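Coordinates in review
Below are the chains, spelled out letter by letter.
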2 protein chains.
Amino acid sequence: MKWGKSRNCIRELFEYGTVRKAQIGVENVYDFSLGNPSIPTPECIKESMIRILTEQNPLAIHGYTSAPGRQSLRKAIADDLNEKYGTAMEAGDIFVTCGAAAGLAAFLRGVLMPGDEVITFAPFFPEYTVFTEASGGVLVAVPPKEPDFQIDFAAFEAAISEKTRCVIVNSPNNPSGVVLSSESIRGLAEIMNAAQEKYGHPIYLLSDEPYRELVYDGIEVPCMMNFYDNTVICYSFSKALSIPGERIGYLAVSNKMAERSEVNFAIAGASRALGHINAPSLMQQVIEECLDATADISKYKENRDILYNGLTELGYSCVKPDGAFYLFVKALESDSKAFSERGKAHELLLCPADDFGCPGYIRISYCVDKDMIIRSMPAFKALIEEYK
Amino acid sequence: MKWGKSRNCIRELFEYGTVRKAQIGVENVYDFSLGNPSIPTPECIKESMIRILTEQNPLAIHGYTSAPGRQSLRKAIADDLNEKYGTAMEAGDIFVTCGAAAGLAAFLRGVLMPGDEVITFAPFFPEYTVFTEASGGVLVAVPPKEPDFQIDFAAFEAAISEKTRCVIVNSPNNPSGVVLSSESIRGLAEIMNAAQEKYGHPIYLLSDEPYRELVYDGIEVPCMMNFYDNTVICYSFSKALSIPGERIGYLAVSNKMAERSEVNFAIAGASRALGHINAPSLMQQVIEECLDATADISKYKENRDILYNGLTELGYSCVKPDGAFYLFVKALESDSKAFSERGKAHELLLCPADDFGCPGYIRISYCVDKDMIIRSMPAFKALIEEYK
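As a starting point, this report considers the structure included with it. Remember, it's a predicted structure, so these values are computed and weren't measured experimentally. (Residues numbered from 1 in each chain as written. Chains lettered and ligands numbered in written order. Predicted model: local features only at pLDDT ≥ 70, side-chain atom pairs only at ≥ 80, totals over all residues. Heavy atoms only, no water.)

**Overview of the overall build of chain A**
Along chain A, the regular secondary structure elements total 13 helices and 13 strands. A compact globule built from 388 residues would reach a C-alpha radius of gyration of about 21 Å, and chain A, at 21 Å, matches this within 12%. A buried classification covers 62% of the 388 residues belonging to chain A. Across chain A, the fraction of contacts at a sequence separation of at least 24, relative to all contacts at a separation of at least 6, is 75%. (Helix = DSSP H or I, 4+ residues; strand = E, 2+ residues; numbered from the N terminus. Rg over C-alpha atoms; globule rule 2.2 N^0.38 Å. Buried < 20%, exposed > 50% of the residue type's maximum accessible area, 1.4 Å probe, protein only. Contact = heavy atoms within 4.5 Å.)

**Considering the sheet that holds strand β4 (residues 138–142) of chain B**
Residue and element names in this part refer to chain B. Pairing is mixed in the open sheet, where seven strands are placed in the order β2-β8-β7-β6-β5-β3-β4. Looking along the sheet, the strands with just one partner apiece sit at the ends: β2 (94–97) and β4. Across this sheet, the average inter-strand angle for adjacent strands is 20°, counted without regard to direction. Direction of pairing for strand β7 (residues 231–236) relative to strand β8 (residues 249–253): antiparallel, over a ladder of five bridges. (Pairing = 2+ DSSP bridges. Axes fitted to C-alpha atoms, helices over the stretch in contact; angles between N-to-C directions.)

**Structural notes on helix α1 (residues 9–24) of chain B**
All names here are of chain B. In a regular helix each residue adds 1.5 Å, so 16 residues correspond to 22 Å; α1 covers 22 Å between its end C-alpha atoms and thus fits that length. Residues of α1 that are buried in the fold lie against α12 (336–345), β11 (348–349), β12 (351–352) and β13 (361–365). Phi turns positive, to about 100°, at Gly 25, one or two residues after α1. (Expected span 1.5 Å × (residues − 1).)

**Considerations on the packing of helix α2 (residues 43–55) of chain B against helix α10 (residues 281–289) of chain B**
All names here are of chain B. It is at 9 Å that the axes of α2 and α10 come closest, and there the two elements cross at 125°. Relative to α10, α2 is oriented oblique. Once α2 is placed against α10, the crossing between them reads as right-handed. The residues of α10 that touch α2, namely those facing Ile 45, Ser 48, Met 49, Arg 51, Ile 52 and Leu 53, are Leu 282, Met 283, Gln 285, Val 286 and Glu 289. Of the residues belonging to the contact of α2 with α10, the class tally is seven nonpolar, two polar and two charged. (Parallel < 35°, antiparallel > 145°, perpendicular 65-115°, else oblique. Left-handed = near helix turned anticlockwise from the far one by under 90°. Nonpolar A, V, L, I, M, F, W, Y, C, P; charged D, E, K, R; others polar.)

**So, the environment of A:Val329**
All names here are of chain A. With respect to the helices and strands, Val 329 occurs in strand β10 (residues 326–330). Residues Val 329 and Thr 312, spaced 17 residues apart in sequence, show a C-alpha to C-alpha distance of 9.6 Å. In contact with Val 329, not counting residues within four places along its chain, are Leu 311, Tyr 316, Ser 317, Cys 318, Gly 360, Tyr 361, Ile 362 and Ile 364.

**Structural notes on the sheet that holds strand β9 (residues 318–319) of chain A**
Residue and element names in this part refer to chain A. With respect to topology, four strands assemble into an open sheet ordered β9-β10-β13-β12, the strand pairing being antiparallel. Across the chains shown, the open sheet's two edge strands, defined by having one partner strand only, are β9 and β12 (351–352). As defined by bridge partners, β12 adjoins strand β13 (residues 361–365) across two bridges and the pair is classed as antiparallel. Within β13, the position partnered with Cys 351 by the bridge is Arg 363. Each of β9, β10 and β13 is contacted by helix α11 (residues 298–314), which is oriented at about 10° to β10, the strand it contacts most.

**Concerning the side chain of A:His201**
All names here are of chain A. Tracing the backbone through its elements, the reader meets His 201 in the loop between α8 (182–199) and β6 (204–208). With a relative accessible area of 16%, His 201 lands in the buried category. Engagement of the side chain of His 201 in a polar contact is seen with the backbone oxygen of Glu 162, the distance being 3.0 Å. Ignoring sequence-local partners within four residues, the contact set of His 201 consists of Glu 162, Thr 164, Arg 165 and Gln 196. (Polar contact = N/O pair within 3.5 Å; in protein donor to acceptor, adjacent residues only side chain to side chain.)

**A short note on the relation of the copies chain A and chain B**
Aligned on chain B, chain A shows an RMSD of 0.0 Å; the corresponding rotation is 180° and the shift along the axis is 0.0 Å. On the angle and the small slide along the axis, the relation comes out as a two-fold axis. (Least-squares fit on C-alpha atoms with pLDDT ≥ 70 in both.)

**Some details on the interface of chain A and chain B**
Tallying the contact residues gives 70 residues for chain A and 70 residues for chain B. Here chain A and chain B share an interface that buries about 5600 Å² over both sides, 60% of which is from carbon and sulfur atoms. Across the contact surface, chain A and chain B share two salt bridges. With its nearest N and O atoms 2.7 Å apart, the salt bridge here joins A:Glu127 to B:Arg272. Linking chain A with chain B are 18 residue pairs in polar contact (both at pLDDT 80 or more), by the criterion used here. Top element by residues in the side of chain A that touches chain B is helix α9 (residues 260–273) of chain A. It accounts for nine residues. Its residues assigned to classes, the side of chain A that touches chain B comprises 36 nonpolar, 21 polar and 13 charged. (Buried area = accessible area lost by both parts, 1.4 Å probe. Salt bridge = Lys/Arg side-chain N within 4 Å of Asp/Glu carboxyl O.)

**Considerations on the side chain of B:Glu117**
Residues and elements named next belong to chain B. Residue placement: Glu 117 occurs in strand β3 (residues 117–121). It is Lys 163 that comes nearest to the buried, bridge-free Glu 117 among opposite-charge side chains, at 4.4 Å. Contacts of Glu 117, omitting those with residues within four sequence positions, involve Val 138, Val 140, Ala 159, Ser 161, Lys 163, Thr 164, Arg 165 and Cys 166. (Lys, Arg positive; Asp, Glu negative; His and termini not counted.)

**Some details on the nonpolar core**
Counting residues in hydrophobic clusters, the biggest one holds 64 residues, and the most contacted among them are A:Phe237 and B:Phe237. Not counting residues up to four positions away in its chain, the partners in contact with A:Phe237 are A:Ile77, A:Ser242, A:Ile243, A:Ile248, A:Gly249, A:Tyr250, A:Ile287 and A:Leu291. Listed in part, the 59 residues of the second largest apolar core include A:Leu206, A:Met257, B:Ile168 and B:Tyr204. (Core = buried A, V, L, I, M, F, W, Y, C linked by side-chain atoms within 4.5 Å.)

**Quick word on the pattern of salt bridges**
Residue and element names in this part refer to chain A. Tallied over the entire structure, the rule returns 48 salt bridges over all chains. A salt bridge links Glu 347 to Arg 20; the shortest N-O distance between them is 2.6 Å. Within this pair, whereas Glu 347 is found in the loop between α12 (336–345) and β11 (348–349), its partner Arg 20 is found in helix α1 (residues 9–24), the two being separated by 327 residues in sequence. Residues Glu 209 and Arg 212 are paired through a salt bridge, measuring 3.0 Å at the closest nitrogen-oxygen approach. Each member of the salt-bridge network shares a partner with another, and the members are Asp 80, Lys 84, Glu 209, Arg 212 and Glu 213.

Structure (structure tokens):
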């Protein structure tokens with residue numbers, strides 16, 4: 001059997017938490033493990049679902065759609081991107097997926113040839129390794145640029161080679177919360193364009209952006225398509241609409257891509273091979289109706305401010321996140337797994353960032369109840385005092 | 001780009017139909033192309049959805065579930081199997097998938113090693129080839145046993161070899177509607193047990209049974225797990241509940257399987273690599289509440305009887321289907337694609353069975369409006385008269 005028992009570290013910590021909460025009470029465990037949205041789903045999701053269920057023929061609601069999704073939804077998504085970013089996308093360039101994970105898996109499966117390399121920047125989402133390897137590729141991680149976690153151009157240039165087929169960026173970033181600046185993206189595009197010319201084949205920029213709408217203090221997330229032609233966006237509605245269990249997102253292939261048609265076919269073919277038939281049909285209609293909605297993210301900002309201010313005052317060091325709902329904190333010893341274990345003794349569930357390609361750090365998810373953050377502060381204080 | 005533009009013949013015919021209906025009116029095209037359930041979704045689906053949406057916290061409704069599904073749903077599915085078939089399944093042996101396609105893809109991906117062979121019996125669902133090859137395997141088709149489409153034991157024995165890792169059966173069958181008899185399954189199990197002993201490794205029986213509940217005239221579908229220990233059931237709720245667009249089904253690993261735990265891990269690992277996070281969360285709750293429901297299948301039986309009687313009276317020859325919603329008809333010339341083309345001239349959309357491994361036949365889906373079947377009879381008459 002080629003599939004082992006290796007598990008996702010986040011899930012492991014979460015499941016430890018479930019057991020621990022049963023032992024000592026849910027209010028006594030400070031669970032910062034999971035990136036599970038905590039702000040209410042916008043009302044329009046419920047309203048739209050109930051209206052569709054009440055008004056329409058169930059066979060139309062629950063029937064197959066075409067594999068890339070309802071034509072009207074694809075058109076609405078393309079229009080939405082065009083309005084927000086000034087692009088010129090068309091419905092045919094949108095493939096509606098069962099969430100971002102399925103989109104990443106399908107795109108990599110579609111374009112990678114055995115031995116191709118995929119570059120990403122630490123810290124990065126651990127599943128990139130899984131999806132790349134499952135598609136016959138090799139993930140190459142560019143070391144983090146501390147302390148701002150923008151792009152280390154020299155390290156990126158050193159990593160890029162003839163084997164590079166794809167570069168994955170994730171901004172706002174899980175786990176650091178950092179938003180890539182226009183300068184970073186411009187430099188990235190320059191290096192990639194030069195490499196394409198040098199090696200004579202396309203290098204795709206896969207922009208994984210499920211946290212795109214979760215940014216604070218008026219920060220703007222630049223659209224990669226406006227910087228680099230061979231861009232594919234992978235989006236999920238999970239985070240912005242607080243519906244992660246419903247599995248819906250999309251891939252968008254830039255209309256400026258020369259091999260646009262081939263890449264669209266590759267996505268469709270690979271999705272089919274992965275067992276994709278269509279994204280859940282009722283949810284496709286709901287998303288079309290709720291495309292302009294976002295959950296009220298001011299609560300995440302409030303959480304971020306309490307946590308960031310509280311921890312830096314206590315003496316922890318971390319980069320201030322502009323987006324997403326993670327705080328990336330330097331562990332107080334070099335072994336972040338050991339640090340995470342010591343956190344557990346104070347009932348703090350902190351995810352070591354080794355699997356994110358960034359040992360020495362821990363990830364704190366602040367998509368949690370504000371009161372839990374406030375209650376956890378004495379535990380963080382006790383933890384740092386142990387190291388003094 | 002390794003993914004070409006090859007398309008599913010059923011989808012192609014369906015899309016031709018969409019265009020044709022716009023040209024000459026929907027009532028003038030006799031579209032038998034798609035296996036899209038046509039009887040109303042049971043009311044309990046709508047009622048359960050609206051109740052959950054009204055009563056529960058949206059974050060609980062739409063949040064992540066564990067990857068194999070909600071524990072209570074897995075338990076309910078195991079109990080349901082045990083009650084129906086006298087098995088002793090446990091919740092841990094159930095993995096809830098995004099439909100049968102995702103289940104087949106994950107299982108094959110989980111257990112196949114490069115070069116492994118998967119045997120199936122013609123006629124068979126064309127996607128078996130896609131899922132097998134995407135997992136590094138080779139699909140071996142055992143020729144059909146005409147006219148009853150049960151199992152040709154000699155041909156099966158000739159096909160089985162040291163390379164055989166898995167055998168896929170699909171009963172009730174798409175496209176023939178045939179239900180495998182207990183005798184067929186007993187013979188199959190005997191040959192497989194002998195082969196396991198001879199070659200010294202497990203050979204899995206993958207029972208793809210989305211049509212399990214769609215049987216007529218009191219026919220029973222035997223449970224493969226009661227005949228063969230190394231059985232995995234792949235089920236979908238699409239057909240029995242008329243919700244094919246919602247993408248929910250499950251894999252069930254027999255509790256009698258020696259390598260049960262390894263296979264459960266293999267399914268989980270492969271699913272993760274294919275981009276599975278969890279099956280749609282609201283629908284998981286709904287299925288748990290509606291597990292006993294089935295759509296009113298008497299309409300399919302009515303359709304089958306009108307179509308079967310009508311076509312055989314006209315002189316067509318076909319096996320009388322005991323289940324599913326397909327009629328498998330001998331084409332009136334050896335080239336069934338040419339026959340399908342001549343059908344189009346009479347506005348009949350009939351799917352040639354070449355891609356099902358059974359050239360010389362066409363598939364007629366009778367999950368359609370009864371009136372369309374009645375209206376189509378003169379066209380079938382005109383078509384057969386051309387061949388006289």
